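Structure assessment
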Amino acid sequence: MAEIRKSEGLIDWLDQRLAVKAFMRVMMTEYWIPKNINFLWAMGVVLVVLFGVLLVTGLLLLMYYKPDINLAFDSVNYTIMQEVEYGWLWRHMHGVAASATFLIIYIHLFTGIYYGSYKKGREMIWITGMVLFIAFSAEAFSGYMLPWGQMSYWAAQVITNLFSGIPVIGDDVVIWIRGDYVVADATLTRFFMLHVVLLPLVIIVVIAVHFYSLRFPHVNNQDSEELNFDVEAKKFLEGRKKESKVVPFWPVFLSKDFFVVGAFMTFFFVLCCYHFDFAMDPINFEPANSMKTPAHIYPEWYFLWNYEVLRGFFFDIAGIAAMDIGLIAFVIANIVFMVLPFLDRNTMNTAPAHKRPLFKYWFWILVVDMIVLTVYGKLPPTGVNAWVGFFAAIIFLGLFIALPFITKHEAKGEVQ
């Protein structure tokens, strides 16, 4: 047992029992971050703050929400919005935070791709990040159903029906997920449990693993330069701070992150108070009606790109049904980012995209294509819209098929 002496204050008392000073030293004051980074590296901290907003506002909404198909709609649109003091603010904050979370996730995702932060020993950072993306997607989808509006109901009907495409057991899986033959009260209570209990716990655990995985290969930098962190840290601790290429996570790096968080939260509250409607579909302010199908069913904006991949294949090919092709493409689209570190065959070069002659074109085509998929995912799939969606889906899949060949050719050129 460690020697327990008279403490010199609360921190010292805790340090003798929990080693808080050693923990702070390892995780904060002697955890080193490269100097050569920009504001995009603050997106991880912004995401943590947004997740905190979602947790707090979710708990406040939980006090008045009723997970029952006969009460859910009114509990959200009347009780919370009109009767509870500041209930409208908590709902707006929760809805806007959900959309803002995915906006930051996509910025974080493309930053990692652009700067090659998924390569050379950082594969676990990337994989845990993509697991987080899947977990947040499941959390958002389960939450979208809870208001029990028209779009909530029909989106749940369409998305759960996708599992019927699983060979042999598909229909049974759909019934198991719904808890009924159709989307009904059992489905709502199951999704409620997922949204407020299981998925938040999963997200918290994966966030911890994600930050833990960052501790070893360290954070990447704008030039993807391989740093000797021990040598650079020694320079900093010896007082040669200008010469050192690293800074401590706390207080230097995190204080800059707080500035980015502050600027972002200003923008966030402007959205909450004046432009909250961008995160709320007007159709969802109508109560769910299983006898009235909306003219056009679509998910929230952050799912539109993979939704368009799903429905982009609107005709049979070589005897394979369009629905089956779309379902296969949808599954591929949702897992292909996970295996990105293994598709990039240029293992020698971790440089940012603008320093890679072929990869930079691949990156910007991907960004533009996903924007096109998102825009057309909101439009009715008729006429020219359907064909644009089809070709955009083909380009998306083709980009990942071509990536190993492009990067391998790029690597050969560098060796020569």
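Overview of the structure. (Residues numbered from 1 in each chain as written. Predicted model: local features only at pLDDT ≥ 70, side-chain atom pairs only at ≥ 80, totals over all residues. Heavy atoms only, no water.)

1. Considerations on the overall build of the chain
Basically, it comes down to this: Every helix listed is a DSSP run of H or I at least four residues long, and every strand listed is a run of E at least two residues long, numbered separately from the N terminus. In this description the radius of gyration comes from C-alpha coordinates, and the expected globular size is given by 2.2 Å times residues to the power 0.38. Note on exposure labels: buried denotes an accessible area under 20% of the residue type's maximum, exposed denotes more than 50%, and partly exposed covers the range between, all computed with a 1.4 Å probe on protein chains only. The contact definition used throughout considers only heavy atoms, calling two residues in contact when any of these lie within 4.5 Å. To be clear on the numbers: accessible area is Shrake-Rupley with a 1.4 Å probe, and residue cover counts the displayed protein chains and nothing else.
Within the chain, the secondary structure is distributed over 16 helices and 2 strands. In terms of C-alpha radius of gyration, the chain reaches 24 Å, essentially the compact-globule figure of 22 Å for 416 residues. Viewed in the frame of its principal axes, the chain has a C-alpha envelope of about 70 × 65 × 45 Å. Relative to its full complement of 416 residues, the chain shows a buried share of 49%. Considering only contacts within the chain whose residues lie at least 6 apart along the sequence, 76% involve residues at least 24 apart. As presented, the chain carries roughly 21600 Å² of accessible surface, and 69% of it is formed by carbon and sulfur atoms.

2. Quick word on unusual backbone geometry
A cis amide bond, omega 10 degrees, links W250 with the succeeding residue P251. Structurally, P251 can be placed in helix α11 (residues 249-274). The phi angle at S224 is positive, at roughly 55 degrees, despite the residue not being glycine. Turning to its location among the elements, S224 is positioned in the loop between α9 (185-214) and α10 (229-237). By relative accessible area, which is 8% here, S224 ends up buried.

3. Description of the pattern of salt bridges
Note the cut-off: Whenever a carboxyl oxygen of Asp or Glu lies within 4 Å of a side-chain nitrogen of Lys or Arg, that contact is scored as a salt bridge.
Inspection of the entire model under this criterion finds 11 salt bridges. In this structure, K235 and E232 form a salt bridge, with 3.5 Å as the shortest nitrogen-oxygen distance. On the criterion of helical spacing, the pair formed by K235 and E232 is a turn pair, its members being 3 residues apart in helix α10. The same class applies to K235 as to E232, namely buried. Across the salt bridge formed by E238 and R240, the nearest N and O atoms sit 2.7 Å from each other. Assessed through its relative accessible area of 35%, R240 is described here as partly exposed. Each of the salt bridges in this network shares a partner with another, and the network as a whole consists of E232, K235, E238, R240 and E243.

4. Things to note about the nonpolar core
Here is the rule we go by: In this text, buried Ala, Val, Leu, Ile, Met, Phe, Trp, Tyr and Cys residues form a nonpolar core when linked through side-chain atoms within 4.5 Å.
If you look at the biggest cluster of nonpolar residues, it comprises 118 residues, and the most contacted ones within it are I113, F268, F337, W362 and F396. The greatest single-element share of this core, amounting to 14 residues, is contributed by helix α5 (residues 87-114). Look past the residues within four positions of I113 in its chain and what remains in contact with it is Y118, W126, F337, L340, F359, W362 and F363.

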